[in-house]
Amino acid sequence: MNEHPPRNLGLDLVRVTEAAALVAGRWMGLGEREKASQDADAAMCKALNTLDMDGRIVIGEEGRLGTHSPLDTGQRVGTGDGPEMDVIVDPIDGRDLLVRGHPDVISVAAVAPRGSVWAPAPAIYIDKIVVDREVADALVPECLDAPAAWTLALVARAKGKPVRDLIVFVLSRPRHEDLIREIRAAGARTMLRTDGEVVGALMAASPHGGADVMMGIGGVPEGVLAACAAKAMGGGMLGRLFPQSVEEQEAVRAAGLDTRQILTCSELVSSNE
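None of the values given here were measured: they were computed from a predicted structure.

Caption draft 1: Structural detail: the overall build of the protein. The secondary structure content of the protein amounts to eleven helices and ten strands. Relative to its length of 273 residues, the protein is compact, with a C-alpha radius of gyration of 19 Å against a globular reference of 19 Å. Taken along its principal axes, the extent of the C-alpha atoms in the protein is 60 × 45 × 40 Å. Look at the contacts in the protein between residues 6 or more apart in sequence, and 70% of them connect residues 24 or more apart. When the accessible surface of the protein is summed, it comes to about 13000 Å², and 51% of that surface belongs to carbon and sulfur atoms.

Caption draft 2: Expanded view of the pattern of salt bridges. Throughout the structure, instances matching the rule amount to 18 salt bridges. Among the salt bridges present, the one from Glu197 reaches Lys128, with a minimum N-O distance of 2.7 Å. On the criterion of sequence distance, the pair formed by Glu197 in helix H8 (residues 197-205) and Lys128 in strand E5 (residues 125-131) is long-range, its members being 69 residues apart. Here the two residues Glu197 and Lys128 agree in accessibility, since each one is buried. Each member of the salt-bridge network shares a partner with another, and the members are Asp54, Arg56, Arg76, Asp86 and Arg114.

Caption draft 3: Representation of the sheet that holds strand E3 (residues 84-93) within the structure. Spatially, four strands are ordered E2-E1-E3-E4 in an open sheet, and the strand pairing comes out mixed. The open sheet has two edge strands, strand E2 (76-77) and strand E4 (106-113), and neither has a second partner. For E3 and E4, the ladder comprises seven bridges, and the chain directions are antiparallel. What sits directly across from Asp90, in E4, is Val108. Each of E3 and E4 touches helix H1 (residues 9-25); the most contacted strand, E4, lies at about 150° to it. The strands touched by H8 are E3 and E4; relative to E4, the strand with the most contacts, the crossing angle is about 70°.

Caption draft 4: Expanded view of the packing of H1 against helix H2 (residues 33-48). The interhelical angle for the contact between H1 and H2, taken along N-to-C directions, is 155°, at an axis separation of 8 Å. When the interaxial angle is binned, H1 and H2 end up roughly antiparallel. In terms of crossing hand, the pair formed by H1 and H2 is right-handed. Along the contact surface, H1 presents Leu13, Val16, Thr17, Ala19, Ala20, Val23 and Ala24, while H2 presents Asp39, Ala40, Ala43, Met44, Ala47 and Leu48. Here the contact of H1 with H2 is built from residues that sort into eleven nonpolar, one polar and one charged.

Caption draft 5: Structural view of helix H7 (residues 177-185). For H7, every residue scored as buried is listed here: Leu179, Ile180 and Ile183. Around the axis of H7, the buried residues are gathered within 100° of arc, so they sit on the same side. Within H7, the exposed residues directed more than 90 degrees away from the buried face are Arg181 and Ala185.

Caption draft 6: Examining the sheet that holds strand E10 (residues 263-264) more closely. The strand order across the open sheet formed by six strands is E7-E6-E8-E5-E9-E10, and the pairing between neighbours is mixed. Taken across any chain shown, the strands that pair with only one partner, and hence form the sheet edges, are strand E7 (189-193) and E10. Seen against the sheet, helix H6 (residues 148-159) touches E5, strand E6 (167-171) and strand E8 (213-219) and runs at an angle of roughly 135° to E8. Along the sheet, H7 makes contact with E6, E7 and E8, crossing E7 at roughly 150°.

Caption draft 7: Expanded view of the pairing of E5. In terms of residue burial, E5 counts as a mostly covered element, since six of its seven residues are buried. As defined by bridge partners, E5 adjoins E8 across six bridges and the pair is classed as antiparallel. Residue Asp127 lies in a different strand from E8, and its bridge partner there is Ile217. As paired elements, E5 and strand E9 (residues 236-241) share six bridges and run antiparallel to each other. Directly across from Val130, in E9, lies its bridge partner Met237.

Caption draft 8: Quick peek at the nonpolar core. Ranked by internal contacts, the top residues of the largest apolar core, which has 36 residues, are Ile88, Val130, Met237, Leu268 and Val269. Of all the secondary-structure elements, those providing two or more residues to this core are strand E1 (54-59), E4, E5, E6, H8, helix H9 (220-232), E9 and helix H11 (265-268). Contacts of Leu268, omitting those with residues within four sequence positions, involve Ser116, Val117, Trp118, Ile126, Ala227, Met237 and Leu263. Core analysis: the next-biggest nonpolar cluster, separate from the first, contains 21 residues, Ile129, Leu144, Leu152 and Leu238 among them.

Rules behind the numbers
- Residues numbered from 1 in each chain as written.
- Predicted model: local features only at pLDDT ≥ 70, side-chain atom pairs only at ≥ 80, totals over all residues.
- Heavy atoms only, no water.
- Helix = DSSP H or I, 4+ residues; strand = E, 2+ residues; numbered from the N terminus.
- Rg over C-alpha atoms; globule rule 2.2 N^0.38 Å.
- Contact = heavy atoms within 4.5 Å.
- Areas by Shrake-Rupley, 256 points an atom, 1.4 Å probe, with all protein chains shown as cover.
- Salt bridge = Lys/Arg side-chain N within 4 Å of Asp/Glu carboxyl O.
- Buried < 20%, exposed > 50% of the residue type's maximum accessible area, 1.4 Å probe, protein only.
- Pairing = 2+ DSSP bridges.
- Axes fitted to C-alpha atoms, helices over the stretch in contact; angles between N-to-C directions.
- Parallel < 35°, antiparallel > 145°, perpendicular 65-115°, else oblique.
- Left-handed = near helix turned anticlockwise from the far one by under 90°.
- Nonpolar A, V, L, I, M, F, W, Y, C, P; charged D, E, K, R; others polar.
- Arc of directions from axis to C-beta.
- Core = buried A, V, L, I, M, F, W, Y, C linked by side-chain atoms within 4.5 Å.

Geometric descriptors of this kind do not, in isolation, establish any biological role.
This is the structure:
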């Protein structure tokens, strides 16, 4: 028989991210953030449209960039022949790092059965904690409200190491100044990056990823991608909407979203099987 083996959607997604990464890499160090984003978006969309699925972008690029792209929320991707899927993408996780010529920039794509991905439009920001499988069962909702020292003591106990040996990934942003001081006061080390939230989540969710925990407020798209990573690797995550402006707060309230609700990675990306 000359039948071809069945396609593997996971492997196909590797090619999708590869297509975006190759195009984005041409803009490395050139300072052209928007042009890099536009080209990477177009390349990823073109690659997604070769996949045998009926895909729908559930959290689009317009939320990140303020402009429209082929990967806007609601856009259909794929050939239309295949399973119905929710699609979340970030063609360039770490745009500012890319255009300044720094490493550790990645392209990310995730898919899940239709209707299983939490998409809290019009929310922009989410507070989150990400850990690996060693700590996942010890993570409790109180971690999002407790002082950093309390949460880090919990993580250290689950990992069987002193707090002073913990490495905490945090985005270096003004909104995290108090959090960074708390982490250092507790005796833990900070791994500060200006960009690259999904990279940070992957590091924290991987048993030997280089970070013991990721903490702080970041974008909703990156938060959902972090949940995909944590769930796929058996790690743990807690997330809660955390508006950063009066306008966002009002939009979130008008949409009926609850900023008090704390969700796990399995709730952010649920299974409908």
